[in-house]
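In case you want the letters, here they are:
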Amino acid sequence: MHTGENHSQCKVCQKSFRRKSYLTEHMNIHTGEKPFQCSECQKSFRVKASLYQHALTHSVEKHYQCSECPKHFKLKSLLTAHVRFHTGEKPYQCSECQKCFSDKKILTKHSRTHTLVKRYQCTECDKCFSEKSSLTQHIRTHTGEKPFQCSECPKDFQLKSLLTAHVRFHTGEKPYQCSECQKCFSDKKRLTKHSRTHTWVKRYQCTECDKCFSEKSTLTQHIRTHTGEKPYQCSECHKCFRQKSNLTEHIKIHTGEKPYQCSECQICVRQKRDLTQHIRIHTGEKPYQCSECHKCFSQKSNLTTHIKIHTGEKPYQCSECQICFSVKDSLIQHIRIHTGEKPYQCSECQKCFIKKYNLTDHVKIHTREKKLSVL
């Protein structure tokens, strides 16, 4: 444990620094100030080190190109290490536990878990770490500091690895390929999770419906469909969600963030899947086909709804009159007949309607009237 005296303390989050210059740069996180500007492209940064790292992209040529993907590298050794992500080669083995690694530095770091005492302790929660860098990363979970910023969108990250993975959503790069089915992924963790679908038994079983899962976390999420638990709450409107990812997407409604842009028409959307669906408008792609009549659809949900025409399935029942529907939206609209709810209001005459398309038809009356008055 280190007991060196900290001379400068942040008044906002109480984080301490050995030098006043470090505190000055740290304060930019709280103020949002970015005083360090690139002379080449005028991009600004909160920390001088980030500017220095960015400047290399202008000054250093990357002569070494990967033959598998579009990535370039300034050093041959970096290309060699990168290629191993494609080949799956892991030549560096730990002598203690026989675990293998693609990079010698990663093996060196791993080896310390067998030999080093965890001498770096967090002053907030007393958790200990064998490396100072691990403690630094951990402390950010307490301070909320996110020093790594995406150059494409306003998102910040606590770890550089998270930023690297995030950037691939903008570039479309998917360097991790499944050796079984050749499906590609932007993140190594997602590949690892996917790989289990080929090799693992589904050993986690739901006690309510006997459905089985290959991962415990997936079972935990599934159980919430039975209990109704929604542990993730929006701080803006207090709406609750079963999954953290759903809350993350919902928050974009409040922030107005739309990080995914169509290269054809420049329209921006909040979710990647929305962009994927939108692009099919331009390409005309309809990858979902009905096995009964061979009709094709651009969205899986539309195919699911269509299939009910063949099966006659109507799983959504009105509790008032017991009439059944094949589509949930149809049930929601029907229930308004009983409740009298008319959520769609005309901005011209304030008349209200049960269905949105009724409002759309009604608005045309005002449009025609305006055209006639001009004549």
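This structure is a prediction, so every number in the text was calculated from the model and none was measured. (Residues numbered from 1 in each chain as written. Predicted model: local features only at pLDDT ≥ 70, side-chain atom pairs only at ≥ 80, totals over all residues. Heavy atoms only, no water.)

Chemist: I tried to follow the overall build of the protein chain on my own but got confused; where do I start?
Modeler: The secondary structure content of the protein chain amounts to 13 helices and 26 strands. Taking 2.2 N^0.38 as the reference for a compact globule, 375 residues should give roughly 21 Å; the C-alpha atoms of the protein chain span a radius of gyration of 28 Å, well beyond that estimate. Overall size of the protein chain, expressed as C-alpha extent along the three principal axes, is 75 × 55 × 45 Å. Across the 375 residues that make up the protein chain, the buried fraction comes to 23%. For the protein chain, long-range pairs separated by at least 24 residues make up 8% of all intrachain contacts whose partners lie at least 6 apart in sequence. With the model as given, the accessible surface of the protein chain reaches about 27000 Å², and the carbon-plus-sulfur share is 49%. The centroid of the 66 positive side-chain charges in the protein chain is displaced by 1 Å from the centroid of its 36 negative side-chain charges. (Helix = DSSP H or I, 4+ residues; strand = E, 2+ residues; numbered from the N terminus. Rg over C-alpha atoms; globule rule 2.2 N^0.38 Å. Buried < 20%, exposed > 50% of the residue type's maximum accessible area, 1.4 Å probe, protein only. Contact = heavy atoms within 4.5 Å. Areas by Shrake-Rupley, 256 points an atom, 1.4 Å probe, with all protein chains shown as cover. Lys, Arg positive; Asp, Glu negative; His and termini not counted. Charge placed at Lys NZ, Arg CZ, Asp CG, Glu CD.)

Chemist: Please explain the side chain of K252 as it appears in this structure.
Modeler: Residue position: K252 is located in helix α9 (residues 244-255). In terms of polar contacts, K252 uses its side chain to reach the backbone carbonyl oxygen of R270, at 3.1 Å. If we skip the residues at most four places from it in the chain, K252 touches E257, P259, Y260 and R270. (Polar contact = N/O pair within 3.5 Å; in protein donor to acceptor, adjacent residues only side chain to side chain.)

Chemist: Please explain the environment of C268 as it appears in this structure.
Modeler: Mapped onto the fold, C268 is located in strand β20 (residues 268-269). For the pair formed by C268 and H278, sequence separation is ten residues and the distance between their alpha carbons is 9.9 Å. When sequence neighbours within four positions are dropped, the list of residues in contact with C268 reads K258, Y260 and Q261.

Chemist: What exactly am I supposed to notice about the pattern of salt bridges here?
Modeler: Opposite charge on two side chains permits them to pair, given that their charged atoms come into close proximity. Counting across every chain of the model gives seven salt bridges. For the salt bridge of R84 with E89, the shortest nitrogen-to-oxygen distance reads 4.0 Å. E89 sits in the partly exposed class, given a relative accessible area of 42%. Here E285 makes a salt bridge to R280, at a shortest N to O gap of 3.9 Å. Its relative accessible area of 43% is what places E285 among the partly exposed residues. (Salt bridge = Lys/Arg side-chain N within 4 Å of Asp/Glu carboxyl O.)

Chemist: Help me understand a positive patch on the surface, please; the structure alone is not making it clear to me.
Modeler: A grouping of K174, K183, R190, K193 and K272 is seen on the molecular surface, where their side chains present a positively charged patch. Tracing the sequence through the fold places K183 in the loop between β13 (176-177) and β14 (184-185). On the basis of relative accessible area, K183 is assigned to the partly exposed category, the value being 47%. (Patch = residues over 30% accessible without salt bridge, like charges linked within 9 Å, V, L, I, M, F, W, Y side chains within 5 Å.)

Chemist: Looking at this structure, how should I read helix α12 (residues 328-339)?
Modeler: An α-helix turns once every 3.6 residues. As a result, residues three or four positions apart point the same way. Given a rise of 1.5 Å per residue, twelve residues ought to cover 16 Å, and the 17 Å separating the end C-alpha atoms of α12 matches this to within 8%. When we look at burial in α12, the residues that qualify are L331, H334 and R336. If you follow the buried residues of α12, they end up packed against β23 (316-317), β24 (324-325) and β25 (344-345). Two residues or fewer past α12, G340 is found with a positive phi of approximately 80°. (Expected span 1.5 Å × (residues − 1).)

Chemist: Can you help me understand the environment of Q65 in this one?
Modeler: Among the secondary structure elements, Q65 is positioned in strand β5 (residues 64-65). When the C-alpha atoms of Q65 and Q177 are compared, they prove to be 19 Å apart, with 112 residues separating the residues in sequence. Ignoring anything within four residues of it in the chain, the contact list for Q65 reads P70, K71, H72 and L79.

Chemist: Could you clarify how one ought to interpret unusual backbone geometry in this entry?
Modeler: Leave glycine aside and you will find that most residues have negative phi; peptide bonds, for their part, are mostly trans. If you check the backbone angles, Q182 has positive phi at about 65° while not being a glycine. In this structure, D210 is a non-glycine residue whose phi angle is positive, near 65°. Along the chain, D210 turns up in the loop between β15 (204-205) and β16 (212-213). Judged by relative accessible area, D210 falls into the exposed class, the value being 52%.

Chemist: Sorry, what's going on with the side chain of H222 here?
Modeler: Relative to the assigned elements, H222 resides in helix α8 (residues 216-227). Accessibility expressed as a relative area gives 14% for H222, which makes it buried.

Chemist: So what exactly am I meant to see when it comes to the state of the cysteines here?
Modeler: Here, disulfide denotes a covalent bond that connects the sulfur atoms of two cysteines. Across all of its chains, the model carries zero disulfides by this definition. With no disulfide of its own, C346 lies 3.8 Å from the sulfur of C349, the closest cysteine sulfur. (Disulfide = S-S within 2.5 Å.)

Chemist: Help me understand the environment of H250 in this model?
Modeler: Along the polypeptide, H250 turns up in helix α9. When its relative accessible area of 10% is taken as the criterion, H250 is described as buried. Placed 21 residues apart in sequence, H250 and Q271 show a C-alpha to C-alpha distance of 9.9 Å. Aside from chain neighbours lying at most four places away, what touches H250 is C234, C237, K239 and F241.

Chemist: Explain helix α6 (residues 160-171) to me, please; I cannot follow it from the model alone.
Modeler: The end-to-end C-alpha distance of α6, which contains twelve residues, comes to 17 Å, matching closely the 16 Å that a straight helix rising 1.5 Å per residue would cover. Along α6, the residues classified as buried are L163, A165, H166 and R168. On its buried side, α6 packs onto β11 (148-149), β12 (156-157) and β13. At the C-terminal side of α6, G172 shows a positive phi close to 80°.

Read these as geometric descriptors, not functional statements.
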